[in-house]
Amino acid sequence: MSNLQNDLFLRACRREETERTPVWIMRQAGRYLPQYRMIREKADFLTMCKTPELAAQVTLQPVDIIGVDAAIIFSDILVIPEAMGMNLEMHEGKGPMFHNPVRTRDDVSRLKRIDPWKDLKYVMDAVSLAKKELNGRVPLIGFSGSPWTLLTYMVEGKGSKNFSIVKKLIYNYPSLAHEILNKLTEAVADYLSAKIEAGVNAVQIFDTWGGILSPNDFEEFSLQYVAKIISLMKRKKEPVIFFAKGVNYDPTKLASTGADVLGLDWTVDIGKVRNILQGKTALQGNLDPAVLYANKEKIKSEVIKVLESYGCGNGHIFNLGHGILPDVEPENAKALVDFVKKESPRFHVKESLNKGT
Ligand code: CP3
């Protein structure tokens, strides 16, 4: 037994029985919430990440305001490259930027090996504080970017349309790319293990840019490293969620990493993926984030479609297929959570009872 008041999310990750489908929202602590923007007015984004009191405070906001079944620690995937010695800046409206992108062998040799308890102590402090403030209400999720997704930002220096620079690297200097990916694999495994030691109950690996690679390249430059991270991580029962956005060619490959849960984007039919996997992993997803621009009736019918597609039984964590968009009405996010809570119990009625009625 866990000492959590609500452990639906963790039970669903382990495909154990639940009375309804748990729900949380990727990027749930963010700009769509006026309460987040109020804090953000006084502190820039990185200061918020590095001030445990502020990070913990915004981590709890969606639990209080929206009623989600899990909290995710407020931070960013790019704190790892920063800890390795890169210069991270967040630009209003333009996203993250590194002024010293990694392009040459010299740049690679300058990347430091991190000690998460020293170099990212502020994250561990935020985790402990958020855990304390949650006081067992819901589980806390920790996260990291995948080595491949981190590499794209480190090499491009910023977000990109065509990913030309990182693709030039993998096609012209594959061994250099693998050298960086190996360093990142070590860093991510250490970082996620430390977060677990600090108190997170589950972790999610975001491979936001896995989908820009061909199946072969995905296996060579992303998948094998995620599998290695999962095998290296020090954990007890804490589930690992692997979200590889846009990588929909073979869910069995994704499951072969050893992840307990696969996160799905909205371009796949979650029921079909469930059929293919036959219970190998739990599934998380997968409502189109833009559905939250619609009216409540439409949100409700789209929530029901996802629940019906997954069908009866355990092992489903409701989520969006990617992060919540910053201009969504908070009341629509709350409506989504309420609809999942209200509509999902009928998908969890025990089989023996079901048959008799
Ligand atoms: O889910 C949560 O609530 C936890 C917080 C979280 C953030 N970033 C906060 C954030 C998480 C899980 C992330 C992960 C992250 N960061 C990813 C992977 C997830 C995904 O969405 O694919 C990526 C690719 C990043 C890198 C990053 N950080 C980008 C591209 C941006 C700019 C995005 C934008 O909309 O401006 C950020 C900044 C960022 N990270 C914000 C937040 C709340 C906005 C910062 C602000 O307040 O101005």
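For the structure, see preceding data.
Parameters and conventions
- Residues numbered from 1 in each chain as written.
- Predicted model: local features only at pLDDT ≥ 70, side-chain atom pairs only at ≥ 80, totals over all residues.
- Heavy atoms only, no water.
- Helix = DSSP H or I, 4+ residues; strand = E, 2+ residues; numbered from the N terminus.
- Polar contact = N/O pair within 3.5 Å; in protein donor to acceptor, adjacent residues only side chain to side chain.
- Contact = heavy atoms within 4.5 Å.
- Pairing = 2+ DSSP bridges.
- Buried < 20%, exposed > 50% of the residue type's maximum accessible area, 1.4 Å probe, protein only.
- Near = heavy atom within 4 Å.
- Areas by Shrake-Rupley, 256 points an atom, 1.4 Å probe, with all protein chains shown as cover.

S.K.: Got a minute to help me understand the side chain of Gln204 in this structure?
M.R.: Here Gln204 is to be found in strand E5 (residues 202–207). Within the structure, Gln204 has its side chain in polar contact with the side chain of Gln284 (distance 3.0 Å). Other than its neighbours up to four places away in sequence, Gln204 contacts Trp24, Met26, Ile141, Gly142, Phe143, Ser144, Ile241, Phe243 and Gln284.

S.K.: I would appreciate a short explanation of the sheet that holds strand E8 (residues 282–287) in the present structure.
M.R.: Whenever strands of a sheet pair, they do so through backbone hydrogen bonds, lying parallel or antiparallel. If you trace the seven strands from one edge of the open sheet to the other, you get E1-E4-E5-E6-E7-E8-E9, paired in parallel fashion. Of all the strands in the sheet, just strand E1 (71–72) and strand E9 (316–320) have a single pairing partner and so form its edges. Here E5 runs beside strand E6 (residues 240–244); their pairing, made up of five bridges, is parallel. In the sheet register, Phe206 faces E6, and the bridge partner there is Phe243.

S.K.: So what exactly am I meant to see when it comes to unusual backbone geometry here?
M.R.: At the junction of Gly285 and Asn286, the peptide bond is cis and its omega measures out at -10° in the coordinates. At Arg27, a position not held by glycine, the phi torsion is positive, near 60°. Relative to the helices and strands, Arg27 is located in the loop between helix H1 (8–13) and helix H2 (34–42). Here the phi dihedral of Gln278 falls at roughly 50°; this positive angle occurs in a residue that is not glycine. With respect to the helices and strands, Gln278 occurs in the loop between helix H14 (270–277) and E8. Taking relative accessible area as the criterion, Gln278 reaches 62% and is therefore assigned exposed.

S.K.: Sorry, what's going on with the site of the ligand here?
M.R.: The environment of the ligand is made up of 22 residues, and the closest members are Arg31, Tyr36, Asp76, Thr208 and His322. A distance of 2.8 Å separates an oxygen atom of the ligand from a polar backbone atom of Arg27. With respect to the ligand, the side chain of Thr208 contributes an N or O atom lying 2.6 Å from an oxygen atom. The protein chains hide 89% of the 880 Å² of surface that the ligand would expose on its own.

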